[in-house]
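Fold and geometry: a report
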Amino acid sequence: MKQKIRDILAKHGGLPMPVDQLADDADLYAAGLSSFASVQVMLGIEDAFDVEFPDNLLNRKSFQSIDAITKAVSGLVGSTEAAE
């Protein structure tokens, strides 16, 4: 899952450095992620994982790091599977 998230970040994040150089807990905003890019990343994640971010996860904290994104997506994927 983290590699897929890294791929999405590389494609949509517009970061000035290669995503593979970032630690999982690195602050993505400090690394150059803009608010606009975080929305693009969110849309890419929703498409890739077939999930939809609820309002309570639409915040800076949810996209702060690869670990934070992974935690959010894991919860959403689990919720989707539980609903089926």
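Reading the values: rules and limits
- Just so you know, the residues in each chain are numbered from 1, in the order the chain's sequence is written.
- The predicted origin of the model limits local features to residues at a pLDDT of at least 70 and limits the giving and counting of side-chain atom pairs to 80 or more, whereas totals for whole chains, interfaces and linings rest on all residues.
- The side-chain values count all of the structure's non-hydrogen atoms but skip hydrogen atoms and water molecules.
- Secondary structure elements follow DSSP: runs of H or I no shorter than four residues count as helices, runs of E no shorter than two count as strands, and numbering proceeds from the N terminus.
- Within these notes, the globule rule equals 2.2 Å times the number of residues to the 0.38 power, and the radius of gyration is based on C-alpha atoms.
- Exposure is judged per residue with a 1.4 Å probe applied to protein chains only, and the accessible area is read against the type maximum: over 50% gives exposed, under 20% gives buried, and values in between give partly exposed.
- The contact criterion used throughout is that any non-hydrogen atoms of two residues lie within 4.5 Å.
- For this analysis, a salt bridge means a side-chain nitrogen from Lys or Arg found within 4 Å of a carboxyl oxygen belonging to Asp or Glu.

Concerning the overall build of the protein
- Summing up its helical and strand segments, the protein has three helices and zero strands in all.
- Written out in order from the N terminus, the α and β elements of the protein read α-α-α.
- For a compact globule of 84 residues, the expected C-alpha radius of gyration is about 12 Å, and the protein comes in at 12 Å, within 12% of that figure.
- C-alpha extents for the protein along the principal axes are approximately 40 × 25 × 20 Å.
- Counting over 84 residues, the protein shows a buried share of 40%.
- Look at the contacts in the protein between residues 6 or more apart in sequence, and 59% of them connect residues 24 or more apart.

Some remarks on the environment of Ser-74
- Structurally, the position occupied by Ser-74 is in helix H3 (residues 66-83).
- Look at Ser-74 and you get partly exposed, because its relative accessible area is 36%.
- With 73 residues separating them along the chain, Ser-74 and Met-1 place their C-alpha atoms 8.5 Å apart.

Focus: the pattern of salt bridges
- For the structure shown, the criterion picks out three salt bridges.
- Measuring nitrogen to oxygen at the nearest pair gives 3.1 Å for the salt bridge that ties Asp-24 to Lys-2. Of this pair, Asp-24 sits in the loop between helix H1 (2-12) and helix H2 (35-49) while Lys-2 sits in helix H1, placing them 22 residues apart in sequence.
- The shortest N-O distance in the salt bridge between Asp-24 and Arg-6 comes to 2.6 Å. Here Arg-6 lies in helix H1 and Asp-24 lies in the loop between H1 and H2, a separation of 18 residues in the sequence.
- Given the relative accessible area of 12%, Arg-6 is considered buried.

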